[in-house]
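One letter stands for each residue in the lines below.
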Amino acid sequence: MAAEPVLVDDGRLHDYVADIFRAASSSDREARLIARHLVDSNLRGHDSHGVGSIPVYVRNLSSGDLLPNQSLTTVTETDSFLICDGNGGYGQVMAHDAMEIGISKARANGVALVGLRNSHHVGRIGHWAEQCAAAGLVSIHFVNVVSDPSVAPFGGVAARVGTNPFSVGIPRDGKRPIVLDFATSKLAVGKVRVAMNQGKPLPPGALLTADGQPTTDPSILFGQPKGILLPFGDHKGWGLSFVCELLGAALTGGKTQSGPKKRNATINCMLSIIISPEHLGTADVLSPEIDTFVGWVRSGGNAGVLLPGDLEAATTDERKAGGVPIDAKSWSDIVDAGRQVGAEPPADIFRGNTTLRTG
């Protein structure tokens, strides 16, 4: 039986994560942006993109496949267009800064198209949709993943692409935004890792062994030879994944999965389209029309239907109140990674009666 998860305070967890990255040579700003993104992912229930990524990042730093304290390099820029290079730096910083430029352009000119290429792992894509929505802007994000391929095309049994996520954010007046965010595979690689650390099986139909046999054992994905994830929705998920590869990477001048890869790094390219409803002349009707449509969707016995982002909002409230659960294996790995760079967890990080401590 797997050990019980630890429960940690999100504020203290943020401070601890920032300490780890400062100790690993990041500037204070970089460390805090990384920490905020990772902890927010856990708060929203997306543990696959949260603090469990720390050991991988520390490994990639030590191998030189992740570079701290990088800045965006502008490749092409006009009033409404930006192509920039992340120079292999932390995606939590590169994507944040690219979105800030895009937000400024969309506010000034009505629309912005932002291409970010050659960034280390940009994390949970919904975070960037939330950043744009908080500025009152609609956004659409296409992302490719360059690392060891993990997902087979529909109809195939050999991995050829990554999990290639897609996201849309739509602001609402006085209400939380609509945020659609999903991998184009049936499961994200990080979610398989979390299931493995928790000792839980995967749902049937998500993973194949290296020789093409169905399995629910999450460790198969990380074995030698590696297992293979399948696209969601068969040809539909594969088609969207294919488009994410071409728009996220090829259109921005980035590398697709077919090109050369760094030894350890997960490299992302992202194409973001950011739209100002105010410039479209629809700002005063967008939110009321969303409310009307939501009312229609939830009528006729559908009152309990969840909207994109509802589950994340409820999970955030729950975890802020009761603590962020982290499985025992992931917590041990995080503490070990922190100690590799000289950071110790604070003694008051835990909530409740957690018995597992920092030793």
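Residues numbered from 1 in each chain as written. Predicted model: local features only at pLDDT ≥ 70, side-chain atom pairs only at ≥ 80, totals over all residues. Heavy atoms only, no water.

Chemist: Run through the side chain of Ser48, naming residues and quoting values.
Modeler: In this fold, Ser48 is placed in the loop between helix H2 (28-43) and helix H3 (54-63). On the basis of relative accessible area, Ser48 is assigned to the buried category, the value being 5%. Within the structure, Ser48 has its side chain in polar contact with the side chain of His49 (distance 2.8 Å). (Helix = DSSP H or I, 4+ residues; strand = E, 2+ residues; numbered from the N terminus. Buried < 20%, exposed > 50% of the residue type's maximum accessible area, 1.4 Å probe, protein only. Polar contact = N/O pair within 3.5 Å; in protein donor to acceptor, adjacent residues only side chain to side chain.)

Chemist: Now, about the side chain of Ser139: what can you tell me, with residues and values included?
Modeler: In this fold, Ser139 is placed in strand S5 (residues 138-146). You can call Ser139 buried: its relative accessible area is 0%. Within the structure, the side chain of Ser139 is placed 2.8 Å from the side chain of His141, a separation counted as a polar contact. In this structure Ser139 touches Trp128, Ala129, Cys132, Ser167, Val168, Gly169, Ile273 and Ile274, once residues within four positions along its chain are discounted. (Contact = heavy atoms within 4.5 Å.)

Chemist: So what about helix H9 (residues 283-297)? Which residues, and what values?
Modeler: Compared with the 21 Å implied by 1.5 Å per residue over 15 residues, the 22 Å span of H9 between its first and last C-alpha is a close match. Turning to H9, its buried residues number three or more, namely Ser287, Ile290 and Val294. Summarising the axial view, the buried residues of H9 lie within an arc of 55°, below the 170-degree limit, and thus occupy one face. In this structure, H9 carries Asp284, Glu289, Thr292, Phe293 and Trp296 as exposed residues pointing more than 90 degrees from its buried face. Looking at the buried positions of H9, the neighbouring elements they touch are strand S6 (166-172). (Expected span 1.5 Å × (residues − 1). Arc of directions from axis to C-beta.)

Chemist: Could you give an account of unusual backbone geometry, with specific residues and numbers?
Modeler: The step from Gln224 to Pro225 runs through a cis peptide bond, and the omega angle for that step is 0°. Checked against the element boundaries, Pro225 lands in the loop between strand S9 (214-215) and strand S10 (228-229). Phi is positive for Asn164, which is not a glycine, with a value near 35°. Mapped onto the fold, Asn164 is located in the loop between S5 and S6. For Asn164, a relative accessible area of 0% translates into the label buried.

Chemist: Break down the sheet that holds S10 for me, citing the residues and quoting the values.
Modeler: The strand order across the open sheet built from 3 strands is S9-S8-S10, with neighbouring strands paired in antiparallel fashion. For this open sheet the edge positions go to S9 and S10, each flanked by a neighbour on one side alone. (Pairing = 2+ DSSP bridges.)

Chemist: Which residues make up the environment of Ile140, and what are the values?
Modeler: Mapped onto the elements, Ile140 comes out in strand S5. Residues Ile140 and Pro231, spaced 91 residues apart in sequence, show a C-alpha to C-alpha distance of 20 Å. Contact partners of Ile140, with chain neighbours within four places excluded, come to Phe166, Ser167, Val168, Leu271, Ser272 and Ile273.

Chemist: Summarise the nonpolar core; cite the residues concerned and give the values.
Modeler: With 53 residues, the main nonpolar core has Leu13, Ile54 and Trp331 as its most contacted residues. With 10 residues, the next largest nonpolar core counts Val151, Val161, Val192 and Leu202 among its residues. (Core = buried A, V, L, I, M, F, W, Y, C linked by side-chain atoms within 4.5 Å.)

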